[in-house]
Amino acid sequence: MDGKEFTVSEVIDRAGISTHTWIVFVLLAFAMIFDGYDFMIVNSTNTYVAPTFFAEQIASGQPIAALTGSLTTWGLLGMVLGGAVGGIMSDAIGRKKTLTIAVIFYGLFTLPQAFAPDYTFFCAFRLIAGFGVGSCIPVVTTVFSESMPSKQRGIFVTIGMAGMVAGWVIAGLIAAPVCSNPVSMIPGLTDGTITLANGTEANQNWRLCYLIGALPVAYGIVLFFCMHETPHWYANHGMKDKACARLTQIVSATRHVDVEFDPNLLIVPPKPAKSGPAVLFSSKFIVATCAVWSAYFVGQFCVYGMNAWIPTWFQGNGFTAAESVTLQTWNNVAAIASNVVCGFISDGIGRKRALWIGWVACIVAIIACSVFVPMFPGEAPVNGAPLAGAAAGNFVPCIFLMLLFGFCLNYAITCVQPLMPEAYPTTLRNTGTSWCQAFARFGGSGSSIVLGAAAGLAMFQHDVNGTMTNNWSMVVLVLLIPFVLGLVCTLLFVKNTGGKTMDQLQKMQEENPLSETDGNARFWIMIAVVIINFIGCIICPLVIPGFSKTAMALPIMLVAMLLPFIYFFVFGIQGLSKEKAAGVEKM
């Protein structure tokens with residue numbers, strides 16, 4: 001070097017796109033593909049898993065919508081816990097170690113689900129496996145943000161997240177032919193006839209899908225030998241010599257020359273006065289936390305809620321179980337495209353503008369799907385009777401509608417991804433990212449149950465050939481509420497961090513004069529909000545018999561879901577006032 005002081009970000013930005021960049025991208029992308037498969041496989045198989053475990057309830061005519069939705073919920077609750085712990089773990093022991101442990105962990109505990117004898121066993125291992133899945137995603141986001149040049153950071157973060165959605169698509173592509181295969185594929189494991197919601201019979205081939213879900217165990221070994229720790233983490237943990245050695249490897253991969261970096265000249269940002277999740281709610285970071293938490297909460301609620309129920313929606317509209325899973329898969333194919341496009345748009349027009357455009361597009365898309373899906377029924381019999389007016393050509397328009405909705409919704413949620421690591425300094429980055437994702441997944445874990453319980457309300461029922469069934473084309477309009485709230489929170493709280501280097505963002509955070517030690521009270525209030533949300537949206541629908549039929553069901557669930565936004569509006573606006581009074585620079 002030339003004897004001048006330098007930062008990790010400066011070296012990475014000067015190096016630009018290199019062999020190192022693409023190696024990191026491929027390693028993380030495959031981690032996300034396996035991660036996405038593990039999550040989505042339960043949504044792609046739940047119309048087969050539910051009849052396996054709830055045969056008695058179905059035979060006696062009991063509603064199972066909330067129970068079916070809960071198959072998704074347990075994995076998401078595990079992701080909440082994993083995200084919260086994994087973020088702190090990653091900041092403490094390193095990105096590489098945490099990611100390797102997480103990938104092996106969720107692969108190992110997905111395997112027993114293939115042999116689940118009952119609902120309790122299945123959900124217990126969904127919960128445990130979810131712990132690893134939840135730890136994986138924020139680490140990947142953080143590694144992308146710390147390893148990519150500033151100009152391309154948003155693009156790589158969002159395209160990397162497309163790997164997760166690719167895993168969703170693969171789950172659908174595998175589940176549809178495997179589950180609908182009329183022959184037992186693994187004698188002794190997949191034997192046993194189940195009766196689907198439309199009255200047809202199938203084997204338990206869904207179990208094979210969970211055997212495939214154990215493959216990440218092998219990939220975790222690949223990560224152990226091939227992945228490197230980020231120089232940002234080394235530098236911020238006092239290992240300047242290792243940080244410089246890693247920077248030498250990065251530059252060598254770009255310029256094919258050896259450059260030695262002097263650890264004594266490496267500038268490391270000062271550590272915060274306090275660490276831990278409570279700092280995220282301090283006066284210094286509360287606006288940023290309200291921005292990313294509100295937006296990601298909306299996205300997770302809608303993405304996970306819809307993916308859990310899309311197959312059921314289309315089966316109720318006359319399509320076969322295999323066709324319904326295929327339509328769900330097309331929804332996720334569009335998500336891959338939106339993730340790729342989102343990064344370019346977000347880096348081009350700014351984070352905030354890209355996000356609010358996404359919420360407006362979601363509002364338009366969900367209204368379009370609600371209006372037009374009922375116009376294109378399938379041909380499969382429902383309760384033994386074919387739907388009137390069904391036509392074979394109706395499958396193509398439904399594919400188009402799913403492509404539209406999948407693109408818009410996943411575009412919006414992906415726009416939040418670059419904002420998370422940019423909102424916090426290096427020493428808090430993965431804690432901030434992981435706690436945001438954990439909280440949002442908590443909303444996602446309740447959404448499948450909330451939408452399932454809402455479907456049982458009288459206002460969302462309609463008559464099909466003399467039988468009252470769930471009108472999912474009306475239920476999905478419930479999503480207008482979170483979409484509008486997401487739009488408002490984006491306009492109020494989101495700041496445009498795109499285009500700035502990590503050093504510039506770090507400097508702006510250091511120059512912010514507001515306290516970073518006064519967040520304890522706001523942190524515990526948020527914990528109370530989460531507990532109330534958990535009781536109203538998960539415990540009540542699952543524990544209270546016939547909860548969705550009671551007069552208090554809708555008010556309780558609405559209050560529980562809206563309470564986080566009351567929190568965001570109260571403390572976010574208060575935080576904006578403090579920033580204005582302190583003269584904090586706007587972005």
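Let us look at the structure shown here. (Residues numbered from 1 in each chain as written. Predicted model: local features only at pLDDT ≥ 70, side-chain atom pairs only at ≥ 80, totals over all residues. Heavy atoms only, no water.)

The subject of this paragraph is the nonpolar core. By size, the foremost hydrophobic cluster in this structure holds 153 residues, and its most contacted members are Phe 122, Trp 293 and Phe 483. With 20 residues, helix H12 (residues 286-316) is the single largest residue contributor to this core. Sequence-distant contacts of Phe 122, that is, excluding residues within four places in its chain, are made with Val 42, Val 49, Phe 53, Leu 71, Gln 113, Ala 116, Trp 206 and Tyr 210. Within the second largest apolar cluster, 17 residues are counted, among which are Val 8, Ala 243, Cys 244 and Ile 250. (Core = buried A, V, L, I, M, F, W, Y, C linked by side-chain atoms within 4.5 Å. Buried < 20%, exposed > 50% of the residue type's maximum accessible area, 1.4 Å probe, protein only. Helix = DSSP H or I, 4+ residues; strand = E, 2+ residues; numbered from the N terminus. Contact = heavy atoms within 4.5 Å.)

Here we come to helix H2 (residues 19-53). With 35 residues, H2 should reach 51 Å at 1.5 Å per residue; the first-to-last C-alpha distance of 49 Å fits that figure. Of all the bends found along H2, the most pronounced is centred on Asn 46 and spans about 70°. (Expected span 1.5 Å × (residues − 1). Bend = angle between axes of the 7 residues up to and from the residue.)

Now for a nonpolar patch on the surface. On the surface, Ile 349, Trp 356, Ile 357, Val 360, Val 364 and Leu 491 cluster together to form a nonpolar patch covering roughly 480 Å² of accessible area. For the nonpolar patch, the leading source of residues is helix H14 (residues 351-372), giving four residues. With respect to the helices and strands, the residue Trp 356 is situated in helix H14. Relative accessible area serves as the criterion here: at 32%, Trp 356 is assigned to the partly exposed category. (Patch = residues over 30% accessible without salt bridge, like charges linked within 9 Å, V, L, I, M, F, W, Y side chains within 5 Å. Areas by Shrake-Rupley, 256 points an atom, 1.4 Å probe, with all protein chains shown as cover. Salt bridge = Lys/Arg side-chain N within 4 Å of Asp/Glu carboxyl O.)

Turning our eyes to something else, we now look at helix H1 (residues 8-15). The set of residues buried in H1 consists of Val 8, Ser 9, Val 11, Ile 12 and Ala 15. Angular distribution of buried residues about the axis of H1 spans 160°; they occupy a single face of the element. Positioned one or two residues after H1, Gly 16 has a phi angle of 70°, which is positive. (Arc of directions from axis to C-beta.)

Under the counting rule described, the total for this entry stands at 38 aromatic pairs. Note on Phe 122 and Trp 206: the rings are 6.1 Å apart at their centroids and 85° apart in plane angle, and the pair reads as edge-to-face. Note that Phe 122 is positioned in helix H6 (residues 119-147) and Trp 206 in helix H8 (residues 206-212), a separation of 84 residues in sequence. For Phe 122, a relative accessible area of 0% corresponds to the buried category. (Phe/Tyr/Trp six-rings, centres within 6.5 Å; stacked < 30°, edge-to-face > 60°.)

No statement about biological role is implied by the geometric values presented.
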